[in-house]
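# Inside the fold
Residue-level listing of the chains:
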Amino acid sequence: MKKLIISIVLVNLLAGCASEPKKEEAAPAPAPKAEAPMAAPAPAQAAAVDPLNDPASILANRSAYYPFDVSVVQDEDKPMVQAHAKYLSEHANRKVRLEGNCDERGSNEYNLGLGQRRADGVNKMLSLGGAGAEQLESVSYGEEKPRCTDHNEACWKQNRRTDLNYAR
Amino acid sequence: MVLRVLQGVVGLLLLVQASMAGAVLSIEIIGAGENQIPVAIVPFGGDEKIAQAINEVVTGDLQRSGLFRLVDPTGKSPHEPDEVSYPDWQVRGAEALAIGTVATQPNGRIEARFRLLDVVKQTELTGQAVSASEDQIRAIGHRIADLIYEKLTGDRGVFSTRIVYVNRQGKSFRLIVADSDGHNEQVVLAHSEPIMSPAWSPDGSHLAYVSFETGHAVAYVQSLYTSQRMVLADFRGSNSAPAWSPDGKQLAVVLTRDGSSQIYLVRPDGSGLRRITFSGAIDTEPNFSPDGQYLLFTSDRGGSAQVYRMPVEGGSAERMTFDEGSNFSPRHSPDGKSFVFAHLDNGRFYVAVQDFQTGQMSLLTEGGWEKKPSYAPNGKLILFASEARGRGILATVSSDGRVKQHMFTQSGDAREPVWGPYP
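Attention here is on the structure that accompanies the text. (Residues numbered from 1 in each chain as written. Chains lettered and ligands numbered in written order. Predicted model: local features only at pLDDT ≥ 70, side-chain atom pairs only at ≥ 80, totals over all residues. Heavy atoms only, no water.)

Further remarks concern the packing of helix α1 (residues 48-65) of chain B against helix α3 (residues 137-153) of chain B. All names here are of chain B. Packing of α1 against α3 leaves a shortest axis separation of 8 Å and a crossing angle of 45°. Considering their axes alone, α1 and α3 lie oblique with respect to each other. Where α1 crosses over α3, the handedness of that crossing is right-handed. Here Ile50, Ala53, Ile54, Val57, Val58, Asp61, Leu62 and Ser65 of α1 come into contact with α3, specifically with Ile137, Arg138, Ile140, Gly141, His142, Ile144, Ala145, Ile148 and Tyr149. Across the contact of α1 with α3, the residue classes break down as twelve nonpolar, three polar and two charged. (Axes fitted to C-alpha atoms, helices over the stretch in contact; angles between N-to-C directions. Helix = DSSP H or I, 4+ residues; strand = E, 2+ residues; numbered from the N terminus. Parallel < 35°, antiparallel > 145°, perpendicular 65-115°, else oblique. Left-handed = near helix turned anticlockwise from the far one by under 90°. Contact = heavy atoms within 4.5 Å. Nonpolar A, V, L, I, M, F, W, Y, C, P; charged D, E, K, R; others polar.)

Now for the sheet that holds strand β10 (residues 162-169) of chain B. Residues and elements named next belong to chain B. Spatially, four strands are ordered β12-β11-β10-β33 in an open sheet, and the strand pairing comes out antiparallel. Each of the sheet's edge strands pairs with one partner strand only, and the pair in question is β12 (186-191) and β33 (413-419). Ignoring which end each strand starts from, the neighbouring axes of this sheet average 20° apart. Here β10 pairs with β33 via five bridges, running antiparallel. Bridge pairing in β33 links Arg168 to Asp413. (Pairing = 2+ DSSP bridges.)

Residue and element names in this part refer to chain A. One can describe the packing of helix α2 (residues 78-90) onto helix α3 (residues 108-128) by two numbers: an axis separation of 8 Å at closest approach and a directional angle of 55°. Here α2 lies oblique to α3, going by the angle between them. The interaxial crossing formed by α2 with α3 has right-handed handedness. Within the contact between the two elements, α2 uses Lys78, Val81, His84, Ala85 and Leu88 and α3 uses Val122, Met125 and Leu126. Taken together, the residues of the contact of α2 with α3 sort by class into six nonpolar, one polar and one charged.

All right, on to the side chain of B:Ser65 then. Residues and elements named next belong to chain B. Note that Ser65 resides in helix α1. Since its relative accessible area comes to 6%, Ser65 is described here as buried. Here Leu62 takes part through its backbone oxygen, which lies 2.7 Å from a polar atom of the side chain of Ser65. Excluding its chain neighbours within four sequence positions, the residues that come into contact with Ser65 are Tyr149, Phe159 and Val403. (Buried < 20%, exposed > 50% of the residue type's maximum accessible area, 1.4 Å probe, protein only. Polar contact = N/O pair within 3.5 Å; in protein donor to acceptor, adjacent residues only side chain to side chain.)

As a further point, take the pattern of salt bridges. All names here are of chain B. Applying the stated rule across the entire model yields 34 salt bridges over all chains. A salt bridge links Asp413 to Arg168, with the shortest nitrogen-to-oxygen separation between them at 3.7 Å. Taken as a pair, Asp413 in strand β33 and Arg168 in strand β10 lie far apart in primary sequence, 245 residues in all. Here Arg168 falls in the buried class, since its relative accessible area comes to 15%. Residue Glu313 is joined to Arg274 by a salt bridge in which the shortest nitrogen-to-oxygen separation is 3.2 Å. Of this pair, Glu313 sits in the loop between β23 (306-311) and β24 (318-319) while Arg274 sits in strand β20 (residues 274-275), placing them 39 residues apart in sequence. (Salt bridge = Lys/Arg side-chain N within 4 Å of Asp/Glu carboxyl O.)

Let us look at the sheet that holds strand β18 (residues 251-255) of chain B. Residue and element names in this part refer to chain B. Taken in spatial order, the four strands make up an open sheet running β17-β18-β19-β20, and their pairing is antiparallel. If you trace the sheet from one side to the other, it starts and ends with β17 (239-244) and β20, each paired once. Pairing of strand β19 (residues 262-266) with β20, which is carried by two bridges, proceeds in the antiparallel orientation. Looking across to β20, one finds that Tyr264 is bridged to Arg275.

Okay, the state of the cysteines next. Working definition of a disulfide: a covalent bond connecting the sulfur atoms of two cysteines. All names here are of chain A. Tallying each qualifying case throughout the model produces one disulfide over all chains. Note that Cys148 is cross-linked by a disulfide to Cys155, the S-S spacing being 1.7 Å. Across the S-S bond linking Cys148 and Cys155, the dihedral sits near -100°, which makes this disulfide left-handed. By the burial criterion, Cys148 is buried, and Cys155 matches it. (Disulfide = S-S within 2.5 Å.)

To continue, consider the interface of chain A and chain B. Taken together, the contacts link 26 residues of chain A with 37 residues of chain B. Roughly 2,500 Å² of surface becomes buried between chain A and chain B when both sides are summed, with 53% attributable to carbon and sulfur atoms. Broken down residue by residue, the surface that chain A buries against chain B is led by A:Glu109, A:Tyr110 and A:Glu144, which jointly contribute 28%. For A:Glu143, the salt bridge is made with B:Lys371, and the minimal N-O distance between the two is 2.9 Å. (Buried area = accessible area lost by both parts, 1.4 Å probe.)

Given below as structure tokens:
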């Protein structure tokens, strides 16, 4: 199982960073490190470090990727989405925005619909995994916010994705 | 069965440098009409600077249409009919001759009096006075070009119409309305979040569009005169693809509030919302037929994105495109006899047209990143988004596929263009 997780993280690192233009903000930024350990000696819940902030956690991975014109969550991304579902069910105060994106092969409007379907698919899986409806919002950017702008598959596969963006 | 309508497109490549200040740096014309009408435009008499400005607009318009061959008037400068020596122009091969004068009136307005003469029959085809305020000199030129175009081709001219498009530069998006030649641009909306899908109201007074400024796709209607803006639809998920009915009393819009992208009807103020497709697929890009009875739209209900048609009042949809590949962004021709759309095959987008009666599809372009075609109101030209030298540009193609032009805007990518109605 550990091996699987590592390979997923690797795949996503590769996909995310391959030829990313510098101007874009670094994709799924490993969230800020845990709170300063020196602060108040935590009593009972000493272990309450938010796993969302652990760069080694599967939760650090916040993008699901798709083949062309496909909107169902792929098998390799299911453990990641399910881990977020579990996290959300245990942290009812956390909210996440699901942002669907597409490559440029389609009309802008069709891709807006496709991106919405991608985001909704992740939304549904999170709901089934225990996240509350009020914690989830799905939106689509279609092809309007490409991470990479070349006309080739290396670029397109980075753009076909749903990002899980947690509200701060 | 794909019929390629590309004959005559090779050859002739003209570079017209737009010298006036404005958004368009250059326009390239590729191809020529089947029968170019030779016409001479003599720079008008009167204020030389104004006359020259008008002359540039008139000749630029006529040249870009691909339907005219401009005969060099050098050495002859008649401004009144009795100054015209017809044999001079017959020798040069001109069939028509435009002459005139410009003057600034006491109230400051510019007036151009012009005549179009038939060189062969030695008669006057039309004569008219066109006036505008001092900052609207280009409008005078477009009007004169329209009159010449109409007299010599029999079709109504579209040089005085406007276009709308989105300019994207990095993370800056601007919704721009400009003259049909790309000049005289006005920024309707500027934002750091995407803007897409502008749609002209039938009378040209309002634009509907989609903006992401609140974090998701919301559809708005905005007056071009007062800039006053109303929310057309702001439900959860995406609100997009607004399209006006020909009478301007309602719009079709695409919402995901009940699941996947479905088509709804709504009044311009956002009231009276009514769902009309129930497919569970992506149904989007609705476009009303000129008689207001039907909608064309894009749907992937059959597995791939294709064009469908359904009655506006609801009912079953009929699939219209069957060719290999997928098809997007359908729009009716102004006469309602055909529709234009973006055809995607083997990774290339083409501008395609299909006749309703025969079902015959024709490709009008060689393919590339050619998206979002829309007809000029006279049905003779199609405006679309294309790409050249690594940038998104505006492009047009004549409805017979013979003449193309590329319009390079000053910077950034031009996207989502739509040709506006007659003024």
